Amino acid sequence: MFYYLLGKVDHDAVTVRFDMMQNLILPRTPIGQAYYSRQLYMHVFGVVIHHGKGSKHAVDDVHLYTWMEYENRKGSNMTASALDHCLHQQLSGALHRAQRLRLFSDSCFGQNKNINLLSMLFSFMKEAFPRISAEYVFSIRGHSFLPVDRVFGRIEQQVQKKDTILMPEEYYAILRSHGNVHV
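My aim in this report is to walk through the structure given alongside it, one point at a time.

Conventions used here
- The numbering scheme is per chain: residues are counted from 1 as the chain's sequence reads.
- Only residues with pLDDT of 70 or above have their local features reported here, since the model is predicted, and side-chain atom pairs are shown and tallied only from 80 upward, although totals for entire chains, interfaces and linings are computed over all residues.
- Excluded from the side-chain calculations are hydrogens and water; all other atoms, namely the structure's heavy atoms, are used.
- Each helix is a run of H or I in the DSSP string that is no shorter than four residues. Each strand is a run of E no shorter than two, and both are numbered from the N terminus.
- Summary of the burial criterion: residues with accessible area below 20% of their type's maximum are buried, those above 50% are exposed, and those between are partly exposed, where the area comes from a 1.4 Å probe applied to protein chains only.
- Contacts are residue-level and defined by heavy atoms, with any inter-residue pair within 4.5 Å sufficient.
- Where accessible areas are quoted, they stem from the Shrake-Rupley method and a 1.4 Å probe; at the residue level, only the protein chains shown are allowed to cover.
- We call two N or O atoms a polar contact when they sit within 3.5 Å, provided that within protein one can donate a hydrogen and the other can accept it, with sequence-adjacent residues counted only if both atoms are side-chain atoms.
- Stacked, tilted and edge-to-face pairs are distinguished by plane angle, under 30 degrees for stacked and over 60 for edge-to-face with tilted covering the rest, among Phe, Tyr and Trp rings (Trp via its six-membered ring) whose centres lie within 6.5 Å.
- Following DSSP output, two strands are said to pair if at least two bridges run between them.
- Throughout this description, the term nonpolar core refers to a set of buried Ala, Val, Leu, Ile, Met, Phe, Trp, Tyr and Cys residues connected via side-chain atoms within 4.5 Å.
- For salt bridges, the criterion is a side-chain nitrogen of Lys or Arg within 4 Å of an Asp or Glu carboxyl oxygen.

What follows is about the overall build of the protein. Scanning the protein from N- to C-terminus turns up seven helices and seven strands. For the protein, with 183 residues in total, the buried portion stands at 46%. Nonlocal contacts in the protein, meaning residues at least 24 apart in sequence, comprise 76% of its contacts between residues at least 6 apart. Approximately 10,000 Å² of the protein is accessible, and the part contributed by carbon and sulfur atoms is 53%.

So, about the side chain of His50. Mapping His50 onto the fold places it in strand β3 (residues 40–50). For His50, a relative accessible area of 11% puts it in the buried group. One polar contact links His50 to Arg17, side chain to side chain, over a distance of 3.4 Å.

Moving on, we get to the packing of aromatic side chains. Under the counting rule described, the total for this entry stands at five aromatic pairs. Seen in terms of ring centroids, Phe18 and Phe45 are 5.8 Å apart; in terms of plane orientation they differ by 55°. Their pairing is tilted. With Phe18 in strand β1 (residues 13–20) and Phe45 in strand β3, this pair connects stretches of sequence that are 27 residues apart. Comparing Phe18 with Phe45, the two get one shared label, buried.

In this section: the pairing of strand β4 (residues 62–68). With seven of seven residues buried, β4 is to be regarded as a mostly interior element. Burial along β4 is two-sided: the face carrying Val62, Leu64, Thr66 and Met68 and the face carrying His63, Tyr65 and Trp67 are both buried. Inspection of the sheet shows β3 paired to β4 by seven bridges, in the antiparallel sense. Bridged to Gly46 within β4 is Leu64. Two strands pair when backbone bridges link them, and β4 and strand β7 (residues 180–182) are joined in this way by three bridges, in the parallel orientation.

Time to look at the nonpolar core. Grouped together as the largest cluster of nonpolar side chains are 28 residues, with contacts concentrated most on Val16, Phe18, Phe45, Leu83, Leu95 and Leu101. Where this core is concerned, the elements lending two or more residues are β1, β3, β4, α3 (76–90), β5 (100–105) and α5 (115–128). Considering each element in turn, this core owes the most residues, six residues, to α3. Excluding residues within four positions of it along the chain, Phe45 makes contact with Phe18, Asp19, Met20, His63, Leu64, Tyr65, Trp67, Thr79, Ala82 and Leu83. Core analysis: the second largest hydrophobic core is formed by 23 residues, Leu24, Met42, Val62 and Phe152 among them.

The omega angle of the peptide bond from Leu26 to Pro27 is -10°, so this bond is cis rather than trans. Residue placement: Pro27 occurs in the loop between β2 (24–26) and α2 (32–36).

Before going further, it helps to spend a moment on the pattern of salt bridges. Note on pairing: side chains with opposite charge can pair once their charged atoms come close. Summed over all chains, the structure comprises two salt bridges. Here Arg100 makes a salt bridge to Glu135, at a shortest N to O gap of 3.1 Å. Of this pair, Arg100 sits in strand β5 while Glu135 sits in strand β6 (residues 133–138), placing them 35 residues apart in sequence. Judged by relative accessible area, Glu135 falls into the partly exposed class, the value being 25%. Close ionic contact of Arg102 with Glu135 constitutes a salt bridge, the shortest N to O distance being 3.5 Å. You can see Arg102 sitting in strand β5 and its partner Glu135 sitting in strand β6, a full 33 residues away along the chain. Connected via shared salt-bridge partners are Arg100, Arg102 and Glu135.

Structure (structure tokens):
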């Protein structure tokens, strides 16, 4: 049922899929001593705007939000903030023309399925788009493979080709080839 809803074409709706990527490590190096030292994590939250079954995702349809672990934790507040930014800044025009907002994510309680994210969505809908209805679909835990996961897979393939990544800017260059990067 989840994949049926995920692939369903609905021209009156804006469909958004989102998830967190596995942490990117800095520095990334083949030198063993650095591997056993304390490394920094870069967090990546991805949002993909969907245009219907069989559609290919253009770079403009992918939004990648990044932050370092010393700037903030990887949790529901950052997920809600990034999604709120994407809805307000990137999708506001499309939402003015739409009748419904469709959201898809995995069932991770720490990031997606919690009061922080739902409160942000309720506030967003009430203040910005009170006439639009919303539908939020969670996958069965461990069984989702969202379009944003495909983007993450392509990013990881590109990262694996590089032996050494020392600065966040090197990750940003890779991320930019797959979507819009918001630091």
